[in-house]
Each structure stands twice: as C-alpha cells, then as structure tokens.
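# Structural description and commentary
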Amino acid sequence: MEELPYALMSYSGGSRGFPKMYEPIVKKHFQLLYMEEFSKNKNVYAPKIQALLVWWHLPAVDKELLESLPNLKVISSSGAGVDHLDLKLITSYGIVVTNTPSVGDDSTADMGMALMLASARNVLEGNRMACSEETKEFDFNWVGDDITEATLGIIGMGSIGYCIAQRAKAFRMRILYHNRNRRSQEDEMAVGAEYCSNMADLLKQSDFVMVVVKLNPDTHNLIGRDQLQQMKPTSTLINISRGQVVDQDALVDALNNRIIKAAALDVTYPEPLPRNHPLLTAKNIIVTPHIGNATDSTRRRVAGKVVQNASDVLKGLPVTGLVAAP
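Chains are numbered independently. Their residues run from 1 in the order of the written sequence. For a predicted model such as this one, the threshold for reporting local features is a pLDDT of at least 70, and the threshold for listing and counting side-chain atom pairs is 80 or more; totals across whole chains, interfaces and linings nevertheless cover every residue. With hydrogens and water set aside, each side-chain value is computed from the structure's full complement of heavy atoms.

Only centres within 6.5 Å qualify two rings of Phe, Tyr or Trp (six-membered ring in Trp) as a pair; their planes then separate them into stacked at under 30 degrees, edge-to-face at over 60, and tilted for everything else. One pass over the structure, following the stated rule, counts seven aromatic pairs. An angle of 70° between the planes, with centres 6.3 Å apart, marks the rings of Phe138 and Phe140 as edge-to-face. Exposure classes here rest on a 1.4 Å probe applied to the protein chains alone. A residue is buried below 20% of its type maximum, exposed above 50%, and partly exposed in between. Among the residues examined, Phe138 registers a relative accessible area of 45% and is labelled partly exposed. Clustering of aromatic rings is evident, with ring pairs tying together Phe18, Tyr22, Trp55 and Trp56.

What follows is the structure, encoded as structure tokens:
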C-alpha cells in the first residue's frame, strides 16, 4: 500500500487546536503531524510534508514556516475568509491555496438571525432578569421590537447573505440589500429583495442592518461614524463578517449616545476584546465569541472539505475551493 502523504497542523485540542474527534477525517488521506512534533524533528519531517492544514487561522503562515517546508504543495484553510493568509507571499513559492466557502453558510445565517432575534426581543436581558435573585416581579410593560414585517438591510449579498434573505422572507420582512454586484432578477424575486446601489439608502430605511461582507481593504471600517449616523435611531446593527469591518470606537459612541438603538456582534477586533474594552459595557449590545458556524455537523463538513481540498490538489483532481492568486 502506498504511504499516505504528510499533512502538518497547529496542535491538537484546546481552544484553538484541531479537535481530536475530527482526526479520523484527516487520517483517511494523510499522515497527521502537529507543529510540536515537527519542531522537534524538522530534519526528518520537513521534506515529507506536502500539505499544511490551517484550522481557524492556525498555524500562522509566514516566510520562516514556508522556507522550512521545501516540498509543500498546498495550504488548505478552514472557513471562507483568507485575510489571515499572505496570498502574494504564499503563491510566490508556487503553493496552491484553498478554502471552504459555502460549507458554513446555513449555520452562519442561522447565527445572524439568532442575534437579530435575541437583540430585538431582549433575550439576554430577559434571561438575566428572570434568573436574578433580586427579581421580585416581572415588568409586563417592558417591550422589545418586532422582526416580522420589519425592514432588514443586508450588506453583502453573497451566499451567506442570500441564506439570511431566505430566512427573513419567512418573517415577512422587507429585504433591502447592497452588494458590489447586483444579483439576478430571479434571485431577487425568490426572496423579495430590493437592490440599493447606494448603501446610504439601505441604512436610512432599515430597522436591522446585517453586515455579511468579506474583509479586504475596501471593507475595512465599512461601517464608520458617517454610516452609523445614517441609520435610524431605532435601528440595530448586526455584524457576522469580521470585526475590522466596523469602526468599534464609532460604534461605542453610537450606542452610548443613542445614535442607534442596539448592536449584536459575533465578531470583534481583536478576539477576544480586552476585558476593559468599552464595547463590552456599551448600552444595548450583545457580543458572542465568533461562533457563526460553530455546530458539530458544520465543523465536521468544514474539516472534511479542508482535507479533501488538500488531497485533491496533491492528486491533480479538480478543486472547488481554489483561492485565486493576487
């Protein structure tokens, strides 16, 4: 039997490492090696490693690591975003880069809806009130906001944004969207979405603004002071893309000065935020720890796609997750 190629990963288990329960997925196609063992025996393993499997941005890929892997053919990264990879550097070594777009679309869209619902219906505050030792009675005049028939503005109508629109349609929401490229008339009609070529038009009309863009130089601080000022004072900002897409200092001011009503964030910059960061104590905010696609079934599919991409590259087979060179 032909020996399986070697694949290098960051480490096993822990908060950022590769889950042990997914290791059999890798071992069907590769001999799995972690950085600790590699570091101890570089002379033995360096020539053997043909694939680097990046699990949630680890291991960090820099020139030193690339120089130490003379026969590396492919870097297969989990998730759709590749802003953590220096594509120009990597491709200069002739190394192929792959990612896993679309695998987590449904679970991430579910998370976006969960944040919107939790914020609108005061779920976190209600839980604290219901469980507090100080609570003697419930305030039945305390109210939240409707999702049904409200206006949702989606910034970034890619595959995840479209999944959100499909869900919002079931709530009879008016759906506005802003995207670099307008979707087809058939796509728009299927969910009842209206295109806004000017993002300001979307911001001014939306009760909820959902940000679902990729991070790149054009989207860095896409939502800043001007954009927050354009939103309704009764509106809620939801970010499930990347933390750097929103100017966090501006968001703190907007929340504390009631420029907008609320925010719900699954992403921040950095992650986690320093414990004294003012965003954590701003008014009307929900922050979750980047768990957009954190379901077991989704993560298993992501792991499978990471491994399959790398294996297919080495075998010369077609790969759907190829990342274009810059």
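Following DSSP output, two strands are said to pair if at least two bridges run between them. Comment: elements are numbered from the N terminus, with helices defined as DSSP H or I runs of at least four residues and strands as E runs of at least two. Overall, parallel pairing links the seven strands, which are arranged β8-β7-β6-β9-β10-β11-β12 in an open sheet. In the strand order of this sheet, the two ends are held by β8 (193-195) and β12 (285-287), each with one partner. Each neighbouring strand pair of the sheet contributes to a mean axis angle of 15°, computed without reference to strand direction. The pairing of strand β11 (residues 262-265) with β12 spans three bridges and is parallel. Paired with Leu265 across the strands is Val287, a residue of β12. Residue contacts are defined here by distance: any two heavy atoms, one from each residue, within 4.5 Å place the two residues in contact. Note on geometry: axes are lines fitted to C-alpha atoms, helical ones only across the stretch in contact, with angles between N-to-C directions running from 0 to 180 degrees. Sheet contacts for helix α12 (residues 248-256): β10 (236-239), β11 and β12; angle to β11, the most-contacted strand, approximately 140°.

For the pair helix α6 (residues 105-120) and helix α8 (residues 159-170), interaxial distance at closest approach is 8 Å and the crossing angle is 55°. Classified by the angle between their axes, α6 and α8 sit oblique to one another. In this structure, α6 crosses over α8, and the sense of that crossing is right-handed. Where α6 approaches α8, its residues Asp105, Asp106, Thr108, Ala109, Asp110 and Met113 are matched on the opposing element by Ser159, Ile160, Cys163, Ile164, Arg167 and Ala168. When residue character is reported, Ala, Val, Leu, Ile, Met, Phe, Trp, Tyr, Cys and Pro are called nonpolar, Asp, Glu, Lys and Arg charged, and the others, Gly included, polar. Residues that form the contact of α6 with α8 fall into these classes: six nonpolar, two polar and four charged. Geometric relationships in this document are graded by angle, where less than 35 degrees denotes roughly parallel, more than 145 denotes roughly antiparallel, 65 to 115 denotes roughly perpendicular, and other angles denote oblique. What makes a crossing left-handed is the near helix being turned counterclockwise from the far one by less than a right angle; a clockwise turn instead makes it right-handed.

The next point concerns the UniProt feature "domain: D-isomer specific 2-hydroxyacid dehydrogenase NAD-binding" (unreviewed entry) in the chain. UniProt positions are given in the numbering used here, feature names are shortened, and annotations may be inferred rather than shown by experiment. Per the UniProt record, "domain: D-isomer specific 2-hydroxyacid dehydrogenase NAD-binding" (unreviewed entry) is found at residues 113-292. Helix makes up 32% of residues 113-292 and strand 16%. Its end C-alpha atoms lie 10 Å apart.

Attention now moves to α6. With 16 residues, α6 ought to run about 22 Å at 1.5 Å a step, and its terminal C-alpha atoms sit 23 Å apart, in line with that. Extensive coverage of α6 is indicated by the burial of 12 of its 16 residues. All of the buried residues along α6 are Asp105, Ser107, Thr108, Ala109, Met111, Gly112, Met113, Leu115, Met116, Ala118, Ser119 and Ala120. Once α6 finishes, Asn122 follows within two positions and takes phi at roughly 55°, a positive value. For a helix, the expected span equals 1.5 Å multiplied by the number of residues minus one.

With that out of the way, let us pick up the UniProt feature "domain: D-isomer specific 2-hydroxyacid dehydrogenase catalytic" (unreviewed entry) in the chain. As annotated in UniProt, the feature "domain: D-isomer specific 2-hydroxyacid dehydrogenase catalytic" (unreviewed entry) corresponds to residues 26-323 in the numbering used here. Across residues 26-323, helical content stands at 37% and strand content at 15%; the span's end C-alpha atoms are separated by 21 Å.

Within the secondary structure, Asn99 sits in the loop between β5 (96-98) and α6. Two N or O atoms count as a polar contact when they lie within 3.5 Å, although within protein this holds only if one can serve as hydrogen donor and the other as acceptor, and sequence-adjacent residues are included solely when both atoms are side-chain atoms. A polar atom in the side chain of Asn99 sits 2.8 Å from the backbone oxygen of Ala80.

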